[in-house]
Amino acid sequence: MSLHSIRPWRQIDRRPSRQIMVGNVPVGGDAPITVQTMTNTLTTDVAATVAQVQAAADAGADIVRVSVPDEASSKALREIVAESPVPIVADIHFHYRRGIEAAEAGAACLRINPGNIGSPERVAEVIKAAKDHGCSIRIGVNAGSLEKHLLDKYGEPCPDAMIESGLDHIRILEDNDFREYKISCKASDVFMAAAAYQGLAEQTDAPIHLGITEAGGLTSGTIKSAIGLGNLLWMGIGDTIRVSLSADPVEEVKVGYEILKSLGLRHRGVNVISCPSCARQGFDVIKTVETLEKRLEHIKTPMSLSIIGCVVNGPGEALMTDVGFTGGGNGAGMVYLAGKQSHKLSNEAMVDHIVEQVEKKAAEIEAAAAEQTAAE
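All values derive from a computational prediction rather than experimental measurement. (Residues numbered from 1 in each chain as written. Predicted model: local features only at pLDDT ≥ 70, side-chain atom pairs only at ≥ 80, totals over all residues. Heavy atoms only, no water.)

Colleague: What is the right way to look at the overall build of the protein chain in this model?
Modeller: Per the secondary structure count, the protein chain includes 13 helices and 15 strands. For 376 residues, the compact-globule estimate of 2.2 N^0.38 gives 21 Å, and the C-alpha radius of gyration of the protein chain, at 23 Å, lies within 12% of that figure. The dimensions of the protein chain, computed from C-alpha atoms along their principal axes, are 75 × 45 × 40 Å. When burial is assessed residue by residue, the protein chain has 51% of its 376 residues classed as buried. Within the protein chain, residue pairs in contact and separated by at least 24 positions form 63% of the contacts whose partners lie at least 6 positions apart. Within the structure as shown, the protein chain displays about 17300 Å² of accessible surface, and the carbon and sulfur contribution to it stands at 52%. Positive and negative side-chain charges in the protein chain, numbering 36 and 48 respectively, have mean positions lying 2 Å apart. (Helix = DSSP H or I, 4+ residues; strand = E, 2+ residues; numbered from the N terminus. Rg over C-alpha atoms; globule rule 2.2 N^0.38 Å. Buried < 20%, exposed > 50% of the residue type's maximum accessible area, 1.4 Å probe, protein only. Contact = heavy atoms within 4.5 Å. Areas by Shrake-Rupley, 256 points an atom, 1.4 Å probe, with all protein chains shown as cover. Lys, Arg positive; Asp, Glu negative; His and termini not counted. Charge placed at Lys NZ, Arg CZ, Asp CG, Glu CD.)

Colleague: Would you mind going over the packing of aromatic side chains with me for this structure?
Modeller: Within this structure, the stated rule accounts for one aromatic pair. Residues Phe 283 and Phe 325 carry aromatic rings whose centres are separated by 5.4 Å and whose planes lie at 70° to one another, so their mutual orientation is edge-to-face. Linking Phe 283 in the loop between strand S11 (270–274) and helix H11 (285–295) with Phe 325 in strand S13 (residues 323–327), this pair joins segments that are 42 residues apart in sequence. We classify Phe 283 as buried; its relative accessible area is 7%. Above the ring of Tyr 181, the side-chain terminus of Arg 18 is found at 4.4 Å from the ring centroid. The positively charged end of Arg 268 is found above the aromatic ring belonging to Tyr 257, 5.9 Å away from the centroid. (Phe/Tyr/Trp six-rings, centres within 6.5 Å; stacked < 30°, edge-to-face > 60°. Lys NZ or Arg CZ within 6 Å of the ring centre and 35° of its normal.)

Colleague: Looking at this structure, how should I read the side chain of Arg 18?
Modeller: Mapped onto the elements, Arg 18 comes out in the loop between helix H1 (3–6) and strand S1 (20–22). Of note is the side chain of Arg 18, whose polar atom sits 3.1 Å from the side chain of Tyr 181. (Polar contact = N/O pair within 3.5 Å; in protein donor to acceptor, adjacent residues only side chain to side chain.)

Colleague: Teacher, can you tell me more about the pairing of S11 here?
Modeller: Remember that side chains alternate between the two faces of the sheet whenever the strand is regular. Relative to strand S12 (residues 303–308), S11 is paired through five bridges, and the arrangement is parallel. Of the residues in S12, the one forming a bridge with Ile 273 is Ser 306. (Pairing = 2+ DSSP bridges.)

Colleague: Whenever I open this one, the side chain of Ser 225 confuses me. Can you help?
Modeller: Structurally, Ser 225 can be placed in helix H9 (residues 218–234). Engagement of the side chain of Ser 225 in a polar contact is seen with the backbone oxygen of Gly 221, the distance being 2.9 Å. In contact with Ser 225, not counting residues within four places along its chain, are Ile 212, Ala 215, Gly 230, Val 243, Ser 244 and Ile 259.

Colleague: Explain the sheet that holds strand S14 (residues 332–337) here, please?
Modeller: Paired through their backbone hydrogen bonds, the strands of a sheet run either parallel or antiparallel. Spatial ordering of the open sheet is given by S11-S12-S13-S14-S15, a layout of five strands whose pairing is mixed. Single-partner strands in this sheet number two, and they are S11 and strand S15 (340–346). Going across the sheet, the axis of each strand differs from the next one's by a mean of 20°, ignoring polarity. (Axes fitted to C-alpha atoms, helices over the stretch in contact; angles between N-to-C directions.)

Colleague: How should the sheet that holds strand S7 (residues 136–142) be read in this particular structure?
Modeller: A sheet is described by the order of its strands in space; here eight strands give the open sequence S8-S7-S6-S5-S4-S3-S10-S9, paired in parallel fashion. Among the strands making up the open sheet, the edge pair consists of strand S8 (181–186) and strand S9 (209–210). Packing of helix H8 (residues 190–201) onto the sheet brings it into contact with S8 and S9, and relative to S8 it is tilted by some 150°.

Colleague: What should I look at first to understand the layout of surface pockets in this one?
Modeller: Empty space among the atoms becomes apparent when a probe as large as a water molecule is rolled across them. Taken as a whole, the second largest pocket spans an internal volume of roughly 680 Å³. Every residue lining the second largest pocket is counted, 23 residues in all, and those nearest its centre are Lys 254, Glu 258, Lys 261, Glu 293 and Glu 297. At the level of elements, helix H2 (46–59), H9, helix H10 (249–262), S11 and H11 are the ones that each hand at least two residues to the lining of the second largest pocket. Broken down by element, the residue count for the lining of the second largest pocket peaks at eight residues, all from H10. Considered class by class, the residues forming the lining of the second largest pocket number 11 nonpolar, three polar and nine charged. (1 Å grid on protein atoms, 1.4 Å probe; cavity = no way out; pocket = protein on both sides within 12 Å on 5 of 7 lines; lining within 4 Å. Points joined across faces, edges and corners; volume = space filled by probe spheres on them. Nonpolar A, V, L, I, M, F, W, Y, C, P; charged D, E, K, R; others polar.)

Colleague: Looking at this structure, how should I read the packing of helix H7 (residues 159–175) against H8?
Modeller: Two numbers describe a pair of packed helices, the interaxial angle and the distance between the axes. Running from N to C, H7 and H8 point in directions that differ by 45°, and their axes come no closer than 8 Å. Classed by the angle they form, the pair H7 and H8 counts as oblique. Considering how the two elements wind past one another, H7 and H8 form a crossing that is right-handed. Between H7 and H8, the contacting residues are Pro 159, Met 162, Ile 163 and Leu 167 on the first element and Met 192, Ala 195, Ala 196, Gly 199 and Leu 200 on the second. The residue makeup of the contact of H7 with H8, split by class, is eight nonpolar, one polar and no charged. (Parallel < 35°, antiparallel > 145°, perpendicular 65-115°, else oblique. Left-handed = near helix turned anticlockwise from the far one by under 90°.)

Fair warning: the whole summary comes from geometry, so function is off the table for now.
Shown next, in the form of structure tokens:
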């Protein structure tokens, strides 16, 4: 029996979309929703860029985008692609030649902003390069760089203008017999972005790349992205996401996964359920959770851990998690395994013991998965 049959309020029906490939990563269709980020190093600094790509991949990024602003960056891109553990998307603005060079350098996908790439003829040249080198394309509509004729028509950036821009450029790609594309329509305004994405989702079967652009710093940007992306994902819209933060790209990946995990759409690593703490807490919840999150960053297996300060909600939360700890009295608490009380444990030994239990459970889950795969 599926969880959705007994918990229908958790059901998310994803919008049907066709599937494309970004390198070896499927996007759209029934593929998992992928998480992206973008490097902020100088692309010409190959070592620094590759290091940032690797860090993002280690954090769980499926795809990483790299800006290609000039010819020197195009040359560096070839080295970056060769060393990257994940597909690289080339971010192209203003000069169509960079798109052609990026395709030749081995980029898995070309991100083109239709408002600034140039004439349809130049876009057609980029499309030919993508075809010749097996690249997909992302049409990247942005409220901040809409075409002049659309701004004249609508008076200001708005959802209808963004949708029209996207559909116009879909038409250009399809007129050039190219369908390996996905599309985004980003804005820094959550309302505008959400409305544009909803309208676009009704008018194309292309995979949709979600993002709230220029969302802000780590805290404010996370909140805006969670509201905007979370609502769209809840509606079933979105095949790949990028959280745009003025922060380390690794933080973007972490936030992206947390958004997907909160909706049950993608699982990676330990989902920590913890209380905000209060005077009832039997141990320092905040410090403990901070330590455990760092100590458990290496775990990629999807699983859940509850860390609750007292017995008000602790036992109930532990029923739903793989491993749990609930604070009690006299410097000790209760360890729960698979939702059941297992044994008491002193607060002093808690962190090391919980890490050990999580690692053990992760190994069991991985072994069971491997056994099932072998049986199939």
